[in-house]
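Topology and contacts: notes
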Amino acid sequence: MLGTTKIYGCIADPIDHVKAPTIFTSIFKSKNIDAVMIPLKVSSNDLTNLIQTLKKVDNFHGLTVTIPHKSAVVELCDLLDTEAESTQAVNWIKFDKNRKLIGNNFDGKGFINGFLSQNHQLSDKIIGLFGSGGAAVAIGCSLAYEGIKELKIVNRDTNKANDLKKRINSFNKQLKITVFSQYDYDINNCDLIINATSLGLKKNDQLPFDVTTTQSKCIIADIIMQPEETKLLKQAKLIGRPIHYGKNMIESQIDLVGDFLNLW
């Protein structure tokens with residue numbers, strides 16, 4: 001690492017689960033790009049202070065944003081690209097030449113591209129989506145462009161889930177969307193169920209849903225990357241359900257990120 005090295009960061013809390021610093025630093029090296037990505041654990045209370053400080057660090061060029069900051073960081077951006085504007089969530093930030101923050105969101109496209117790359121289909125499918133936070137919003141909005149048959153949104157806070165429903169129906173009025181509480185839901189006819197909550201990051205976390213209530217061919221997907229095989233995915237495998245790993249979402253964002261950061 002030299003004085004000319006460009007620094008990128010990954011902000012999260014907790015930070016142990018993130019894989020982006022390893023993935024992107026390795027990519028920088030393979031492409032002979034003089035850059036590194038470092039993990040930055042920052043609490044919600046300190047998020048504003050961190051962003052304001054990084055604005056003053058000229059060799060700090062951008063950030064990837066994960067749990068729990070994807071929605072909060074929207075207010076700290078000076079400009080939002082289309083995906084971030086429509087979802088009101090950000091998972092990548094870059095600094096322009098005037099140190100203005102430009103936010104974008106590749107979670108939705110990343111999940112869709114990663115899922116389809118595994119030879120799965122989305123058209124005319126019934127999808128269950130657990131969560132209504134930053135990543136869930138991006139994934140839900142992107143699913144609405146894929147010709148799915150129905151979307152079931154399950155969340156502890158049904159007001160947030162209904163907000164997501166309204167957001168999606170604002171541009172896709174035909175899509176059937178049903179909102180359920182975390183404590184009372186029906187997923188037994190779903191073709192794909194996505195855990196877009198933080199449940200699974202910690203060893204003692206409860207499962208986001210009961211896998212045994214799903215149909216035998218239902219694909220169980222998790223967006224958590226560490227552990228790679230979460231408690232949810234392990235239980236799904238035990239009862240013979242096909243599974244989809246969280247790593248596919250970030251790996252499918254690599255080309256999108258390179259273009260956004262003007263690196264490759």
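These remarks concern the structure in this document. What you see is a predicted model; the values in this text were computed from it and never measured. Each chain has its residues counted from 1, following the order in which its sequence is written. Per-residue local features are limited, in this predicted model, to residues with pLDDT of at least 70; the limit for side-chain atom pairs, both in listing and counting, is 80 or more; totals at the level of whole chains, interfaces and linings are taken over all residues. Excluded from the side-chain calculations are hydrogens and water; all other atoms, namely the structure's heavy atoms, are used.

1. With respect to the pattern of salt bridges
Basic side-chain nitrogens of Lys or Arg form a salt bridge, by our definition, when they fall within 4 Å of a carboxyl oxygen of Asp or Glu. This structure, assessed with the given rule, holds seven salt bridges. With a closest N to O distance of 4.0 Å, Lys-152 and Asp-186 form a salt bridge. Placement of Lys-152 in strand β8 (residues 150-155) and of Asp-186 in the loop between β9 (176-181) and β10 (192-195) is noted, with a sequence separation of 34 residues between them. Judged by relative accessible area, which is 3%, Lys-152 ranks as buried. Here Glu-229 ties to Lys-237 by a salt bridge, and the two come within 3.3 Å at their closest N and O atoms. Residue burial is assigned from relative accessible area. The probe radius is 1.4 Å, only protein chains are included, and a residue is buried under 20% of its type maximum, exposed over 50%, and partly exposed in between. Residue classification places Glu-229 among the partly exposed residues on the basis of a relative accessible area of 25%. What counts as a helix is a DSSP run of H or I of at least four residues, what counts as a strand is a run of E of at least two, and both are numbered from the N terminus.

2. Overview of the packing of helix α5 (residues 134-143) against helix α6 (residues 158-169)
Between N-to-C directions, angles cover 0 to 180 degrees, with each direction set by a line fitted to C-alpha atoms, over the stretch in contact for helices. At their nearest, the axes of α5 and α6 sit 10 Å apart, and the two run at 35° to each other. Helix-helix and strand crossings are classified by hand; for α5 and α6 the assignment is right-handed. On α6, the residues that touch Ala-136, Val-137, Gly-140 and Cys-141 of α5 are Leu-164, Arg-167 and Ile-168. Of the residues assigned to the contact of α5 with α6, the class counts are five nonpolar, one polar and one charged. Two helices crossing with the near one rotated counterclockwise from the far one by less than a right angle form a left-handed crossing, whereas a clockwise rotation gives a right-handed crossing. The contact rule is simple, with two residues in contact once any of their heavy atoms fall within 4.5 Å. Three classes are used: nonpolar for Ala, Val, Leu, Ile, Met, Phe, Trp, Tyr, Cys and Pro, charged for Asp, Glu, Lys and Arg, and polar for all others, with Gly counted as polar.

3. So, the sheet that holds strand β1 (residues 6-12)
Hydrogen bonds along the backbone pair up the strands of a sheet, which may run parallel or antiparallel. When DSSP finds two or more bridges between a pair of strands, those strands are recorded as paired. The strand order β2-β1-β3-β5-β6-β4 describes an open sheet built from six strands, whose pairing is mixed. The strands lining the two open edges of the sheet, one partner per strand, are β2 (35-41) and β4 (79-80). In this structure, strand β5 (residues 92-95) lies alongside strand β6 (residues 101-104), joined through four bridges in antiparallel fashion. Of the residues in β6, the one forming a bridge with Phe-95 is Leu-101. Where helix α1 (residues 20-30) meets the sheet, it contacts β1, β2, β3 (60-65) and β5, and its direction lies at approximately 170° from that of β2.

4. A short note on the side chain of Thr-5
Relative to the elements of secondary structure, Thr-5 occurs in the segment before β1. Polar contacts, as counted here, are pairs of nitrogen or oxygen atoms within 3.5 Å of one another; within protein the pair requires one atom able to donate a hydrogen and one able to accept it, and residues that are adjacent in sequence qualify only if both atoms are side-chain atoms. A polar side-chain atom of Thr-5 sits 2.8 Å from a polar atom in the side chain of Asp-34. Setting aside chain neighbours within four positions, we find Thr-5 in contact with Asp-34, Ala-35, Val-36 and Asn-59.

5. Digging into the sheet that holds β10
The strand order across the open sheet formed by six strands is β9-β8-β7-β10-β11-β12, and the pairing between neighbours is parallel. Two strands in the sheet have a free side with no partner beyond their single neighbour: β9 and β12 (243-244). Of the strand pairs in this sheet, strand β7 (residues 126-130) and β10 are connected by four bridges, and their pairing is parallel. Paired with Phe-130 across the two strands is Asn-195, which belongs to β10. Sitting on the sheet, α5 is in contact with β7, β8 and β10, with an inclination near 165° to β7. Packed onto the sheet, α6 meets β7, β8 and β9 and runs at close to 170° relative to β9.

6. A closer look at unusual backbone geometry
Note that the residue after Ile-67, namely Pro-68, is joined by a cis bond; omega there is 5°. Along the chain, the position of Pro-68 falls in the loop between β3 and β4. For Asn-32, which is not a glycine, the phi torsion comes out positive at approximately 55°. Structurally, Asn-32 can be placed in the loop between α1 and β2.

7. Here's the deal with the packing of helix α4 (residues 107-116) against α5
Between two packed helices, the angle of one axis relative to the other and the distance separating the axes together describe the packing. As a packed pair, α4 and α5 sit with axes 7 Å apart at the nearest point and diverge in direction by 60°. As the angle between them shows, α4 and α5 are arranged oblique. Between α4 and α5 lies a crossing of right-handed hand. Judged by residue contacts, Asp-107, Gly-108, Lys-109, Phe-111 and Ile-112 of α4 engage Ala-135, Ala-138, Ile-139, Ser-142 and Leu-143 from α5. Here the contact of α4 with α5 is built from residues that sort into six nonpolar, two polar and two charged. Here roughly perpendicular refers to angles of 65 to 115 degrees, roughly parallel to angles under 35, roughly antiparallel to angles over 145, and oblique to all remaining angles.

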